[in-house]
Amino acid sequence: MALSKTGGSIMKQDKRYLIEYWQYLKKHRLLLGLALLLIPLLSFFNLAQPYLIKKAIDDAIIVGDMALLQVITMLFAGCVLFDFLSRSIQVFLFQYIGQKTVQDIRADLFQHVLNLSARYYDKTPLGVVTSRLTSDIESLNESFASGLVTLLADLLTLIGIVIVMFLLSPKLTFITILILPPMVLVVNFFRIKLRAAFDMIRLTLGKMNGYIQEQFQGIAVLQLFQQESRSIQRFKVLNRTYKHATLSSVTYDAMLYSLIDSLNSILIALIIWYGWGQYVGNMVTLGVLVAFVDYIHRFFTPLKEISTKFAILQHALASLDKIFSTFDIKDYIYSGDQKIQSFEGNIMFKSVSFAYKGFEDKPVLSDVSFSLKKGQLLALVGPTGSGKTTVLRLLSKLYDGYTGQITLDSYDLTTLQLPAVRKLIAVVNQEITLFSQSIAFNITLGNKAISTAKMIEAAKQVSIHDFIMSLPGGYDYCLERGDQSLSAGQSQLISFARALASDSPILLLDEATAAVDSVAEAAIQKGLDVLLAQKTAIVVAHRLSTVQHADLILAFNEGKVIECGNHKALIQRDGFYAKLFNMQFAGI
Ligand SMILES: Nc1ncnc2c1ncn2[C@@H]1O[C@H](COP(=O)(O)OP(=O)(O)OP(=O)(O)O)[C@@H](O)[C@H]1O
Ligand SMILES: [Mg+2]
């Protein structure tokens, strides 16, 4: 009962996804109609050819009517020409519609996943997103252009052939049909085997891709810890499995094809043997016999392809499911509808508690409260994993689902439009992201509103201008491998310059200078003092020397604020912060 229910819902789901797919196909319905109209035409030109041969033999050659033979030859040539033309146009049309549709779906899917929340990406490997946008969509197209439609044409041709054969000679047709049951058994057997082999190929290929990606992402660690031989061993196992799967699919494929070919030959021999008796007994004409041999040949050609096409179709249904179920994921951050007219720069957290989705029993923030006025600097300090980055994430609306209240001026964060919030905030994350583009792009992110002068000023403020100028091409220097092309400190300074150039009234710095030496950090600090006076800023820093001048310091431990105040007050208090500070100071 439960099984049939599941099966039922899967069918329903498939149907729904097919309807969604149709929404894309529908835009090209005129071309689609034309291409579909060509199918019976194509079958007709195909089927007419053996019949014309029969006519030529029986009515022209045997009788010696050369004039008729000429007419039939012309007709035959016409059939071949139209067969060729309609087939070419049809293939082109289906490919064209398929590619156009794929282009639209891919663009929509890209936009869709681009807007999904950080929560979705926490639990989705990037490889999955990549294959949705590339191979899955491609296989959908493949199935459409070469699977589904040609399958229709094949079926129509098969039915047509049987009808024409029956009209020519019911007895010979009966013999032909006798071969069908063993044929179905053979094809089905190999279809199952082939499907298993294809699944194995895809599974191993996916594993191999993932493995290669992971190994080369960590290539430096791998080489330094001398893990190359172990890495090769594991790769060899995957490579061998892949070879086995591919070889078995090739073997089954070859066996299927040659078996069908043999059955084809056997059937032709049978028809000639039996048909000859019929011919001698004047039951059929020579022309019918010749036409039959030709029809049987044409009968077997689509049969050979049908099993492969079914596999492609099954593949496509799986892709359809994967693609449209990704469209079904609505893991967006709830965006309110309120805009911000003018922003003063006040931030307030009121009893905010939060746990990441899937870890509800492990609160990351508990009852966090603070308030910041325009131009103030708040520092968050505390041990690793205490929740500092999470505070910045909530404020940037990367995650929602907290309890308590976060306000920007008097606006409740949840009611604010997402773009409105993001416009107010510039961030330097703990993980640096630079793109494989020019330095200028990496600072402005292509935002035309940021002038070159502004960009250079930002770079100067974080003391990275001189370094950029030393690169060939200066700001136009293209980073070949994103943040891998520069030192950790340099990458960090560039993303720092990005935050400053954006001119947002709120600045969030998460360990923004952790990879920079103390001399550069002191220089940046000096440059920033003026700038920060006009911005409301929250900084997270492990190096407590950098937070001493903050207006307010919150010391976090296990998601709770255990102390707050300015540096002087906290040192006087001689508690958690003072202990951390003294420990670091003693360590220097
Ligand atoms: N995306 C996530 N999904 C689930 N749990 C998370 C996620 N990000 C962080 N956590 C958990 O939340 C807790 C707080 O993480 P957070 O990144 O806020 O700490 P942090 O104070 O910034 O630490 P660090 O100083 O190391 O940067 C940690 O225990 C972490 O394991
Ligand atoms: Mg952090």
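Residues numbered from 1 in each chain as written. Chains lettered and ligands numbered in written order. Predicted model: local features only at pLDDT ≥ 70, side-chain atom pairs only at ≥ 80, totals over all residues.

**Some thoughts on the overall build of the protein chain**
Link 1 in the chain: When its secondary structure is counted, the protein chain shows 19 helices and 10 strands.
Link 2 in the chain: Here the C-alpha radius of gyration of the protein chain, 36 Å, is well above what a compact globule of 588 residues would show, namely 25 Å.
Link 3 in the chain: Summarising its shape, the C-alpha atoms of the protein chain cover approximately 120 × 60 × 50 Å along the three principal directions.
Link 4 in the chain: Here the protein chain, with 588 residues, has 28% of them falling under the buried criterion.
Link 5 in the chain: By sequence separation, contacts in the protein chain at least 24 residues apart represent 78% of the contacts at least 6 residues apart. (Helix = DSSP H or I, 4+ residues; strand = E, 2+ residues; numbered from the N terminus. Rg over C-alpha atoms; globule rule 2.2 N^0.38 Å. Buried ≥ 20, exposed ≤ 12 C-beta atoms within 10 Å, placed from the backbone. Contact = placed C-beta atoms within 7 Å.)

**A word on the site of ligand 1**
Link 1 in the chain: As a matter of local geometry, ligand 1 sits amid Asp122, Tyr356, Phe359, Val364, Thr384, Gly385, Ser386, Gly387, Lys388, Thr389, Thr390 and Gln430.
Link 2 in the chain: Per-element accounting of the shell around ligand 1 gives the leading share, three residues, to helix 11 (residues 388–395).
Link 3 in the chain: Classifying every residue of the shell around ligand 1 by side-chain character gives three nonpolar, seven polar and two charged. (Near = placed C-beta within 6 Å. Nonpolar A, V, L, I, M, F, W, Y, C, P; charged D, E, K, R; others polar.)

**Brief notes about the pairing of strand 1 (residues 347–354)**
Link 1 in the chain: Relative to strand 2 (residues 365–372), strand 1 runs antiparallel, the two sharing five bridges. Its bridge partner lying in strand 2, Phe349 is registered against Phe370.
Link 2 in the chain: Taken together, the five bridges between strand 1 and strand 4 (residues 403–408) define a ladder with antiparallel strand orientation. Its bridge partner being in strand 4, Met348 is matched across the sheet by Thr407. (Pairing = 2+ DSSP bridges.)

**Side note on the domain arrangement of the protein chain**
Link 1 in the chain: When the domains of the protein chain are assigned, the result is domain 1 (1–168) and domain 2 (347–587).
Link 2 in the chain: A C-alpha centroid distance of 55 Å is found between domain 1 and domain 2. (Domains from an automatic or database assignment.)

**Overview of the sheet that holds strand 1**
Link 1 in the chain: Strand order in this open sheet of four strands is 2-1-4-5, and the pairing throughout is antiparallel. A single partner strand is all that each edge strand has here, and the edge strands are strand 2 and strand 5 (411–412).
Link 2 in the chain: One ladder, built from two bridges, connects strand 4 with strand 5; its direction is antiparallel. Residue pairing for strand 5: Thr407 is matched across the bridge by Asp412.
Link 3 in the chain: In this fold helix 11 packs onto strand 1, strand 2 and strand 4, with an angle of close to 115° to the strand it touches most, strand 1. (Axes fitted to C-alpha atoms, helices over the stretch in contact; angles between N-to-C directions.)

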